[in-house]
Amino acid sequence: MTTPAPSTRPPRAELHVHVEGTLEPDLAFELAARNGVGLPYPDPESLRAAYEFEDLRSFLDLYSAAMSVLRNEADFADLTSAYLTRAARAGVRHAEISFDPQAHLVRGVPLEAVVDGIAGALRRSEVEHGVTTLLIAAFHRDRDSAEALDILERLLAMDAPIVGIGLDNAEIGYPPGPFRDVYARAEEAGLRRTAHAGEEGPAQNVRDALDLLHAERIDHGIAVVQDPELVARVVAEQVPFTVCPVSNVRLRAVPALAEHPLPAMIEAGMLVSINSDDPPYFGAYVDDVDDAVTAAFGLTRDQRAALAAASFRGSFLPPDRVAAHLADVEAWRLADG
Ligand SMILES: Nc1ncnc2[nH]cnc12
Ligand SMILES: [Zn+2]
């Protein structure tokens, strides 16, 4: 009898992934044909070749254009299932997936098609992929907060299966403050709260997300290292940070992986996980991100296990489920790999 080889990857949660950002070029062309929508590229290879970004804005432009192929409930279901299939291969056992309602509403796609398509795929995920999931509705920082509040009310009224809300899109010039009422309403409704902050913008955005929005988790947050007092606070409070090192390099928030603040964040004692953000656009699913940071920083098996443990600790799962996952991570750490 042979014993199975120990897995080369720790079990992990992925806490920061935009479902729209998981659109692979092949699927984009398949959906374009299915829906009779044109794409400004002749084939999937040319689209992938366009994935060279100068900053967050240049990425968001292409990301928004490619989304035009997502029109019907089935498109959102196929998109979500494709991500879950790939995530399972990456060792993801639990995924907290965000979607951007405004990105679809502005194109005339009904909110129900978006929510029902994604939620349908998520409902089947545990059986089909062995991945549990939670869904987050993220609002665009560069649009009016009254619009976000209105959409939140619609999501609540339709009993959308969301665990919480997030805040994303362009950061520079769009601080968190105006979204105070949206986050207060979410808190009142019992929703969990995360927010992109300190990706391209300053550490003050992280502080404001915590103080003004009562965010429980910070997406990216790499600018925090510029503010030692804030670092001390997030360490003391063990605020989860969902860091996306490959995304930060590809969007030029940092010049190279070797200069990424991830090691400094870990060293300071912050609760950091590694995540993919928008995997095909940045050429890296979370297993590829694990490989990249392991190579760049010479991470040990213990350090990789600590990042995986932080992904479960920072999740919105109940404590008993977190504890069960932590036991699996510990078993992986102790196995010979
Ligand atoms: N990296 C990112 N920052 C802000 N908004 C996003 N939407 C998708 N990816 C994003
Ligand atoms: Zn993001």
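None of the values given here were measured: they were computed from a predicted structure. (Residues numbered from 1 in each chain as written. Chains lettered and ligands numbered in written order. Predicted model: local features only at pLDDT ≥ 70, side-chain atom pairs only at ≥ 80, totals over all residues.)

A few words on the overall build of the chain. Along the chain, the regular secondary structure elements total 16 helices and eight strands. The C-alpha atoms of the chain give 19 Å as radius of gyration, which agrees with the globular expectation for 337 residues (20 Å, within 12%). Structurally, the chain occupies a C-alpha span of about 50 × 50 × 40 Å along its principal axes. Per-residue burial for the chain yields a buried fraction of 48% across its 337 residues. Pairs at least 24 apart in sequence give 74% of the contacts found in the chain among residues at least 6 apart. (Helix = DSSP H or I, 4+ residues; strand = E, 2+ residues; numbered from the N terminus. Rg over C-alpha atoms; globule rule 2.2 N^0.38 Å. Buried ≥ 20, exposed ≤ 12 C-beta atoms within 10 Å, placed from the backbone. Contact = placed C-beta atoms within 7 Å.)

Neighbouring ligand 1 are the residues His18, Gly21, Leu56, Asp168, Asn169, His196, Glu199, Ser247, Asp277 and Asp278. Of the residues contributing to the shell around ligand 1, the split by class is one nonpolar, five polar and four charged. (Near = placed C-beta within 6 Å. Nonpolar A, V, L, I, M, F, W, Y, C, P; charged D, E, K, R; others polar.)

Quick look at the UniProt feature "binding site: substrate" (unreviewed entry) in the chain now. Taking the UniProt record as the reference, the feature "binding site: substrate" (unreviewed entry) is found at Asp278. Within the element layout of this structure, Asp278 appears in the loop between strand E8 (271-274) and helix H13 (279-282). Here Asp278 falls in the buried class, since 24 other C-beta atoms lie within 10 Å of it. Not counting the four nearest positions on each side in its chain, Asp278 is found in contact with His18, Gly21, Tyr63 and Ser247. (UniProt positions renumbered as here; feature names shortened; annotations may be inferred.)

As a further point, take the sheet that holds strand E2 (residues 92-99). Spatial strand order, E1-E2-E3-E4-E5-E6-E7-E8: eight strands in an open sheet with parallel pairing. Edge positions in the sheet fall to strand E1 (12-18) and E8, since each of these pairs with one other strand and no more. When strand polarity is set aside, the average angle formed by the axes of neighbouring strands in this sheet is 25°. For strand E4 (residues 164-168) and strand E5 (residues 192-197), the ladder comprises two bridges, and the chain directions are parallel. Across the sheet, the residue bridging to Gly164 is Arg192, located in E5. This element, helix H9 (residues 203-211), spans E5 and strand E6 (217-220) of the sheet and lies at about 165° to E5. (Pairing = 2+ DSSP bridges. Axes fitted to C-alpha atoms, helices over the stretch in contact; angles between N-to-C directions.)

Axis separation between helix H7 (residues 145-157) and helix H8 (residues 180-188) bottoms out at 8 Å; the angle between their running directions is 20°. One way to sum up the angle between H7 and H8 is to call them roughly parallel. In terms of crossing hand, the pair formed by H7 and H8 is left-handed. Residues Ser145, Ala148, Leu149 and Leu152 of H7 pack against Asp181, Val182, Arg185 and Ala186 of H8. Looking at the contact of H7 with H8 residue by residue, the classes come out as five nonpolar, one polar and two charged. (Parallel < 35°, antiparallel > 145°, perpendicular 65-115°, else oblique. Left-handed = near helix turned anticlockwise from the far one by under 90°.)

Along the polypeptide, Ala137 turns up in strand E3 (residues 132-140). Residues Ala137 and Leu155, spaced 18 residues apart in sequence, show a C-alpha to C-alpha distance of 8.8 Å. Apart from the residues within four sequence positions on either side, Ala137 is in contact with Phe99, Pro101, Leu155, Ile162 and Ile165.

Overall, the predicted model of the chain reaches an average pLDDT of 97, with 98% of residues at or above 70. Across the interfaces of the predicted complex, the ipTM metric reaches 0.98, alongside a pTM of 0.97. (pLDDT = per-residue confidence, 0-100.)

With respect to the helices and strands, Thr294 occurs in helix H14 (residues 286-297). Residue class for Thr294 comes out partly exposed when judged on the 16 C-beta atoms lying within 10 Å of it. Taking C-alpha positions, Thr294 is 12 Å from Pro10, a pair spaced 284 residues apart along the chain. For Thr294, the residues in contact, after removing those within four places along its chain, are Leu299 and Arg304.

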